[in-house]
Every structure is written in C-alpha cells, then in structure tokens.
Amino acid sequence: MQPIDTLKQMVQNSTNMVFFGGAGVSTESGIPDFRSADGLYAQKWPYQPEEILSHQFFTAHPDLFYQFYREKMLVLSAQPSLPHRALAAWERQGKLKAVVTQNIDGLHQKAGSKQVFELHGSIHQNHCQRCGRSYTGQQVAAMSGVPHCACGGIIKPNVVLYGEPLSDEVVTGAVRAIAAADLLMVGGTSLTVYPAAGLLQYYRGHQLVLINRSATAADSRADLVLHQNLGDVFTALGMEDISL
C-alpha cells in the first residue's frame, strides 16, 4: 500500500484526530518560515530574527522590534491554504478534535477551525503593558512607529517571544487533546523549537504521522512519514475542492 493510501485509511478510521502544525502550514499561504533557504534566518537584518523576537530586545528596542514585526510578522492579508481549509472541514465532520499550532497568524481560525491551541500566541491579540487594554491586529497595523495606548503605555503583541513562557492554559489544553487522540498528525514542522516540540511525548496512541519536507528527530518513532509539502499531501488526499 502506498503511504498516501495508508494515510487515507488512517484518517477515514479516526474519530479523534489532532493536528500539530508548524511554519510549513503557513508557508502554503505565502508566509515565510524561519529556517528554510528563503526563510527569515537567511535574510539580512542588523540582528538575528531570534534576537529581535526576544523579550529582552522588545523591552530595550521596541522601535526596531516593531520595524521587523510589521514587515515580517504582522501579516493580516494572508488567506488560509488548502491544509487550513481541510483541517477545518475535518473538524466540521467531527473527525478532527483540535489543532495545536506553533503559528501566530490566526489562519486556522480564519479557515473555520474552532478548537485551536495557539502555543505561541496570536498577532490578532495585543495589550497595553500599562493598563491592559486590548487591541486588534488591525488597530496595531494602523498605528505608526511603536504603538501606544491612549494611556501612554506601549502596546505589546500577545505572542510568546523568546525568553517568555508558554501559556499554562494553552499548554494544558494541548496536552489533553494530544493525549486523548487516536491519530496525531504532525505537519510542517522540523520539531526543533522547544518546549512546543516536546508536547509530542504526551501522545500514547499508535498512529503518529509526520509530514514535513525534511527529516525530523521524531521520524524514527512515527508510524508513517511523508517527506512532502503539506499542500501536495492534502491534494493527494482529495481535499483540493474544500472551500471555506
């Protein structure tokens, strides 16, 4: 049996599937990742993206942080890709129970997914560091320079920067979903970013599927590995006609 046929059968038989995704899901929508040949790490900036996207850098240089953030991270015009739409369709069918994502773009929700655990936060949620007032991504995008609240405080995106902890509530929900899954599909992630990648250890089932263009450290423990683009895999699954 071909790998794609095996995957089709797994999906058909599953009643409690969880999808764990990374940057490779969003690259299908034209959003660059960090580590590929044309990703953010390969582009020239005065500082490494990992340094710019740190809590320490945001505090010390909010102007430079927002210059980078607006150009590379605050992507509000992107549209859901085939994988986003297919996952939302599986949820509507009652097959997919949750999406656990390392992405911050909100495209899973835009595609219609309801149960989404955003490990690294969202560009669509922001808050004033002084008074706590909430702001949307659109409101922040409409401001110039470092965005300030009416009270004078600096507005910070609700994204988890390097040096900041993940939300306990989000992690707890993600762990519960993964532990209860009968099929865990991992897609578009090299599984090198921790602690997010460590959540796979909570999966106790026997249908672990890894879909990524390159090999990952978890390939050896997976029940099925496809070294392909997510878009190609979902097309092969016959999901290309899925609409929002």
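The structure displayed is predicted, hence computed values, not measured ones.

Along its length, the protein carries 10 helices and 9 strands. At 18 Å, the protein has a C-alpha radius of gyration in line with the 18 Å of a compact globule built from 244 residues. Dimensions of the protein, computed from the C-alpha atoms along their principal axes, are close to 60 × 35 × 35 Å. When each of the 244 residues of the protein is scored for burial, the buried share is 51%. Contacts spanning at least 24 positions in sequence make up 64% of the contacts within the protein whose residues lie at least 6 apart. Counting only carbon and sulfur atoms, one obtains 49% of the accessible surface of the protein, whose full area is about 11,600 Å². Put simply, the protein has 18 plus and 20 minus side-chain charges, and the middle of one group is 5 Å from the middle of the other.

Strand order in the open sheet formed by 3 strands is 5-4-6, with antiparallel pairing between adjacent strands. At either margin of the open sheet sits one strand with a lone partner, and together these are strand 5 (134-136) and strand 6 (155-159). Looking at each pair of strands side by side, their axes are set apart by 35 degrees on average, direction ignored. Examined bridge by bridge, strand 4 (residues 121-128) and strand 5 share 3 bridges and lie antiparallel to one another. Residue pairing across strands places His 127 opposite Ser 134, the latter belonging to strand 5. Along the sheet, helix 5 (residues 62-73) contacts strand 4 and strand 6; its crossing angle with strand 6, the most-contacted strand, is approximately 45 degrees.

Attention now moves to unusual backbone geometry. The omega angle of the peptide bond from Tyr 194 to Pro 195 is 10 degrees, so this bond is cis rather than trans. Turning to its location among the elements, Pro 195 is positioned in the loop between strand 7 (183-187) and strand 8 (208-211). Within the chain, Leu 191 stands out as a residue other than glycine whose phi angle is a positive 55 degrees. With respect to the element layout, Leu 191 can be found in the loop between strand 7 and strand 8.

With that out of the way, let us pick up the environment of Val 160. Mapped onto the fold, Val 160 is located in the loop between strand 6 and helix 9 (168-180). For the pair formed by Val 160 and Lys 114, sequence separation is 46 residues and the distance between their alpha carbons is 21 Å. Once you skip the residues sitting within four places of it in the chain, Val 160 turns out to touch Leu 119, His 120, Gly 121, Pro 165 and Leu 166.

What follows covers the pairing of strand 4. Sheet topology places strand 4 next to strand 6; 5 bridges connect them, and they run antiparallel. Bridge assignment links Gly 121 to a residue of strand 6, and that residue is Val 159. What sits between the antiparallel neighbours strand 4 and strand 5 is a turn of 5 residues, in which Gly 132 has the positive phi angle 85 degrees.

This part takes up the sheet that holds strand 3 (residues 116-118). Across the sheet, which stays open at both edges, the 6 strands sit in the order 3-2-1-7-8-9 with parallel pairing between neighbours. The strands lining the two open edges of the sheet, one partner per strand, are strand 3 and strand 9 (224-226). Averaged over all neighbouring strand pairs, the angle between strand axes comes to 15 degrees, with direction disregarded. The pairing of strand 7 with strand 8 spans 4 bridges and is classified as parallel. Of the residues in strand 8, the one forming a bridge with Gly 187 is Ile 211. Seen against the sheet, helix 1 (residues 3-13) touches strand 1 (17-21), strand 7, strand 8 and strand 9 and runs at an angle of roughly 125 degrees to strand 9. In the packing of helix 9 onto the sheet, the strands contacted are strand 1, strand 2 (96-101), strand 3 and strand 7, and the crossing angle to strand 3 comes to about 135 degrees.

The buried fraction of helix 6 (residues 82-92) amounts to 10 of the 11 residues, a majority that puts the element mostly inside the structure. Those residues of helix 6 that sit buried are Leu 82, Pro 83, His 84, Arg 85, Ala 86, Leu 87, Ala 88, Ala 89, Trp 90 and Glu 91.

Procedures and definitions
Residues numbered from 1 in each chain as written. Predicted model: local features only at pLDDT ≥ 70, side-chain atom pairs only at ≥ 80, totals over all residues. Heavy atoms only, no water. Helix = DSSP H or I, 4+ residues; strand = E, 2+ residues; numbered from the N terminus. Rg over C-alpha atoms; globule rule 2.2 N^0.38 Å. Buried < 20%, exposed > 50% of the residue type's maximum accessible area, 1.4 Å probe, protein only. Contact = heavy atoms within 4.5 Å. Areas by Shrake-Rupley, 256 points an atom, 1.4 Å probe, with all protein chains shown as cover. Lys, Arg positive; Asp, Glu negative; His and termini not counted. Charge placed at Lys NZ, Arg CZ, Asp CG, Glu CD. Pairing = 2+ DSSP bridges. Axes fitted to C-alpha atoms, helices over the stretch in contact; angles between N-to-C directions.

Purely geometric stuff here, so don't read any function into it on its own.
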